[in-house]
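Tertiary structure, described
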Amino acid sequence: MKKFTLPFMAALFLVLAAAPAILDGYNLSLLGRFLALALVTLGLVWCWGKGGVLSLGQGVFFGLGGYAIAMHLKLMGLPAGEIPDFMMWNGMSDLPAWWAPFKSPIFAVAMVFVIPGIASFIMANLLFRRRITGVYVSLITQAVALAFATLLTSQQGVTGGFNGLTNFTTLFGANYGTPEMQKTLYWVTVGFVALTFVVGILLERTYFGKTLLAIRDGENRSRYLGYDPVPYKVFAFTLAGILAGVAGALFTLHVGVISPAMVGVVPSIEMVVWAAIGGRESLMGAILGTVLINFAKDRISTALPDAWLYIMGVLFMLVVLFPPQSWKLPRLFKASKKPTFKEVHGD
Amino acid sequence: MGDTALFLGQLFNGVSVGSILLIAALGLALSFGLMRVINMAHGEFIMIGGYLAFLAHQIIPSGASLWLALPLAFVGTFLLGALLESTLIRRLYGRPLDTLLATWGLSLILQQAARQIFGPTGVEVTAPAWLSGAINFSGALSGLTIPHVRIFVIVLALLILGGLLLLINKTRLGMLVRAVNQNREVASTLGVNTRLIDMTVFAIGAGLAGLGGAALALISPVTPTVGQSYIVDAFLVVILGGLGSLAGTTIASFVVGLFSAGLQTFTSVSFAKVLLLAGVVAFLQWKPKGIVVMKSRALEEA
């Protein structure tokens, strides 16, 4: 952490808090969504940048959070005894038992944290306890993302299938989609991002944070020194999972829809590139990278619909060939990091 | 349709799916095993092979186009693989996760290019007359139908596997490849041009994917995203088989193929996928390094 980073971030969050006064409705809505997405990236900084575990399945946790809140919104707008519209179209007559508790707002909000948390905790244990490492973890998480999206699409009666869950009318008793609600949602999102950032900065400085880096840089060396890498990696992976879940819920509230198209292999990898562009270890880079790349995507894909995939493809290659951590100029965006043992002595 | 016919039909489906997975996974296993390169653009080599087969069909619209399509697809993707290795992959050795991201970027570019050149919907390649029939069984097995073209793909997959095994185990090039795989530094010290070996191996992997793509074009239309539909399953096969083991990859391909065909008779396609994944993860709890473990004394493995 450079000395001037904290004042810079404080200023940034002040600007973000004041954004509703400056931006028009459309751009404010975009900024809100992209800040929600930044939570996924903040999680990836912990999991990938600091934990060394590249998860290509963040879309799964994103989706679990998003669907949890979307189920609540679907149920809230209903008169007693009725079932959501898409269930009727699919010829169902009763609400599935596991849908029912989501009627309670407290339960639904809790589930936004609990379901992705449990899912990522179980997955992390399955992967790390048996020392499945590196690319194996990435490829397995990617397969999970594929399976999850396929499953959501196929179970049309209970998940809304390909279209996902949409057409929300009320949120916690207020009308859904009003400008006031947009603003409230926006501030809640900024609050979450700021909180995650500050907690992250503190966590970075703890003994725990430093041990995590040590494990990333030399897992077996840490093992020989008496550290068990498993709980550290499980924690980092679970933290990333929960953050992705919260991001999914907030994003769903901002956009008004959650569908399998947002949780599969392609979006999951896209999430990784936001982290890569911001500098995979930098919490500040995660926020800036996510917001900038998504604004660029919005503008470019509106102006030149065919060009975006090319640009995205080139970006992927560039951030790998010239990672932001290695740039000399913007030291502002660089996470504080002493050179690793590997870098000083070779391996 | 009798139970036996149904069973044999699913068995054949499993072998057929397995052979397609084998075609898709062999090149991956080759570059992953030897160079620790995760090539996410491998699926796009399959796609390009398919489009080259389509072009061959435009040049020779008769059934004979297959004999142009196969070599054209192999040579085209081989050259593309060599080009890719010498420009991009070469800079990323030792950083497998970065090869994953960079080649994913490449796959986005190739897909978009294909979309603009050939259009977003699929193009069809007509199988020659001698492949368009099917074997129809009668009597106790009535109802069982085995299309010739599926048999052709299975045979081709086995030929590719056999050719690769011969190349690796019986030729001088194969010996050099094995030497580099066993100990890169020592091989290099003994005068092996490891860079050239890397490029050749990567290009052969790409060429095999292209060849597979030309064959798959006979079964289903070629679309810009056809590669993506194979790549995740193919990687699952490589992981299940064990890093860098051709034998493991082969076994895993057919295991996955047979299991998904078998599971699909009890449940839906999507549940079969979930169950299969659960099965793979469960298997890795038991054997984290896959079916065939390559012994290594390295402290850290990529």
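Residues numbered from 1 in each chain as written. Chains lettered and ligands numbered in written order. Predicted model: local features only at pLDDT ≥ 70, side-chain atom pairs only at ≥ 80, totals over all residues. Heavy atoms only, no water.

Within an unreviewed UniProt entry, the label attached to chain B reads Branched-chain amino acid ABC transporter permease, and the organism entered is Deinococcus cellulosilyticus. The record held by UniProt for chain B lists under Sequence similarities (unreviewed entry) the comment "Belongs to the binding-protein-dependent transport system permease family. LivHM subfamily." (UniProt positions renumbered as here; feature names shortened; annotations may be inferred.)

Going by what an unreviewed UniProt entry lists, chain A is known as Urea ABC transporter permease subunit UrtC and is assigned to Deinococcus cellulosilyticus. In its Subcellular location (unreviewed entry) section, the UniProt entry covering chain A states "Cell membrane".

Some remarks on the overall build of chain A
On a plain count of helices and strands, chain A comes out with 15 helices and four strands. Considering only C-alpha atoms, chain A reaches an extent of 70 × 50 × 40 Å along its principal axes. A buried classification covers 56% of the 347 residues belonging to chain A. In the form shown here, chain A has an accessible surface area of approximately 14,700 Å², with 70% of it arising from carbon and sulfur atoms. Taken as two groups, the 25 positive and 15 negative side-chain charges of chain A have centres that lie 12 Å from each other. (Helix = DSSP H or I, 4+ residues; strand = E, 2+ residues; numbered from the N terminus. Buried < 20%, exposed > 50% of the residue type's maximum accessible area, 1.4 Å probe, protein only. Areas by Shrake-Rupley, 256 points an atom, 1.4 Å probe, with all protein chains shown as cover. Lys, Arg positive; Asp, Glu negative; His and termini not counted. Charge placed at Lys NZ, Arg CZ, Asp CG, Glu CD.)

Quick look at a nonpolar patch on the surface
Residues and elements named next belong to chain A. Nonpolar side chains collect at one region of the surface, where V109, F113, V114, I118, F121, I122, L126 and F172 lie side by side and expose about 670 Å² of accessible area between them. With respect to the secondary-structure elements, F113 resides in helix α5 (residues 105-128). Take F113: its relative accessible area is 31%, and that puts it in the partly exposed class. (Patch = residues over 30% accessible without salt bridge, like charges linked within 9 Å, V, L, I, M, F, W, Y side chains within 5 Å. Salt bridge = Lys/Arg side-chain N within 4 Å of Asp/Glu carboxyl O.)

What to know about the side chain of K50 of chain A
Relative to the helices and strands, K50 of chain A is located in helix α2 (residues 25-50). Polar contacts involving the side chain of K50 of chain A include one to the main-chain carbonyl oxygen of E281 of chain A, which spans 3.0 Å. (Polar contact = N/O pair within 3.5 Å; in protein donor to acceptor, adjacent residues only side chain to side chain.)

Re the layout of surface pockets
Remark: the empty space left among the atoms is shown by a probe the size of a water molecule rolled over them. By volume, the second largest pocket is sized at about 970 Å³. Lining the second largest pocket are 31 residues, and of these P260, A261, M262, V266 and P267 of chain A lie nearest its centre. Breaking the lining of the second largest pocket down by element, the ones donating at least two residues are α2, α6 (134-154), α12 (265-278) and α13 (283-303) of chain A together with α9 (226-241) of chain B. The element contributing the most residues to the lining of the second largest pocket is α12 of chain A, with six residues. Tallied by class, the residues present in the lining of the second largest pocket amount to 19 nonpolar, eight polar and four charged. (1 Å grid on protein atoms, 1.4 Å probe; cavity = no way out; pocket = protein on both sides within 12 Å on 5 of 7 lines; lining within 4 Å. Points joined across faces, edges and corners; volume = space filled by probe spheres on them. Nonpolar A, V, L, I, M, F, W, Y, C, P; charged D, E, K, R; others polar.)

A look at the interface of chain A and chain B
The interface is formed by 42 residues belonging to chain A together with 42 residues belonging to chain B. Summed over both sides, the interface of chain A with chain B buries roughly 4,000 Å², with 76% coming from carbon and sulfur. Close ionic contact of D98 of chain B with R280 of chain A constitutes a salt bridge, the shortest N to O distance being 3.1 Å. Counting across the interface, chain A meets chain B through ten residue pairs in polar contact (both at pLDDT 80 or more). Elements represented by at least two residues in the side of chain A that touches chain B include exactly α5, α6, α10 (219-224), α12 and α14 (307-321) of chain A. Of all the elements, α6 of chain A adds the most residues to the side of chain A that touches chain B, at 14 residues. Its residues placed into classes, the side of chain A that touches chain B shows 28 nonpolar, nine polar and five charged. (Contact = heavy atoms within 4.5 Å. Buried area = accessible area lost by both parts, 1.4 Å probe.)

A look at unusual backbone geometry
If you check the backbone angles, R131 of chain A has positive phi at about 55° while not being a glycine. Here R131 of chain A lies in the loop between α5 and α6. Notably, R36 of chain B is not glycine yet its phi reads approximately 55°, a positive angle. Mapped onto the secondary structure, R36 of chain B falls in the loop between α1 (3-35) and α2 (42-59). The partly exposed category is assigned to R36 of chain B, whose relative accessible area is 25%.

A short note on the packing of aromatic side chains
Following the criterion strictly, the structure yields 18 aromatic pairs over all chains and no others. When the centroid spacing of 6.4 Å and the interplanar angle of 45° are considered together, the rings of Y136 of chain A and F32 of chain B count as tilted. With Y136 of chain A in helix α6 and F32 of chain B in helix α1, this residue pair bridges two chains. For the pair Y136 of chain A and F32 of chain B, one class covers both residues: buried. Ring geometry for F283 of chain B and W286 of chain B: centres 5.4 Å apart, planes at 85°, overall edge-to-face. Linking F283 of chain B with W286 of chain B, this pair stays in helix α11 (residues 269-286), spanning three residues, or about one helical turn. Among the aromatic residues, ring-to-ring pairing joins F61, F128 and F237 of chain A into one connected group. (Phe/Tyr/Trp six-rings, centres within 6.5 Å; stacked < 30°, edge-to-face > 60°.)

Focus: the nonpolar core
General note: in soluble globular proteins, nonpolar side chains tend to be found buried as a group. Residue and element names in this part refer to chain A. Counting residues in hydrophobic clusters, the biggest one holds 210 residues, and the most contacted among them are L35, F62, F128 and L165. No other element matches the 15 residues that α2 contributes to this core. Those residues in contact with F62 that sit more than four places away from it in its chain are L37, V40, A244, G245, A247, G248, F251, I258, M262 and M271. (Core = buried A, V, L, I, M, F, W, Y, C linked by side-chain atoms within 4.5 Å.)

Some remarks on the side chain of K74 of chain A
Looking at the secondary structure, you find K74 of chain A in helix α3 (residues 58-76). Leave out the neighbours within four places in its chain, and K74 of chain A touches P84, D85, F86, W99, L165, T166, N167 and F168 of chain A.

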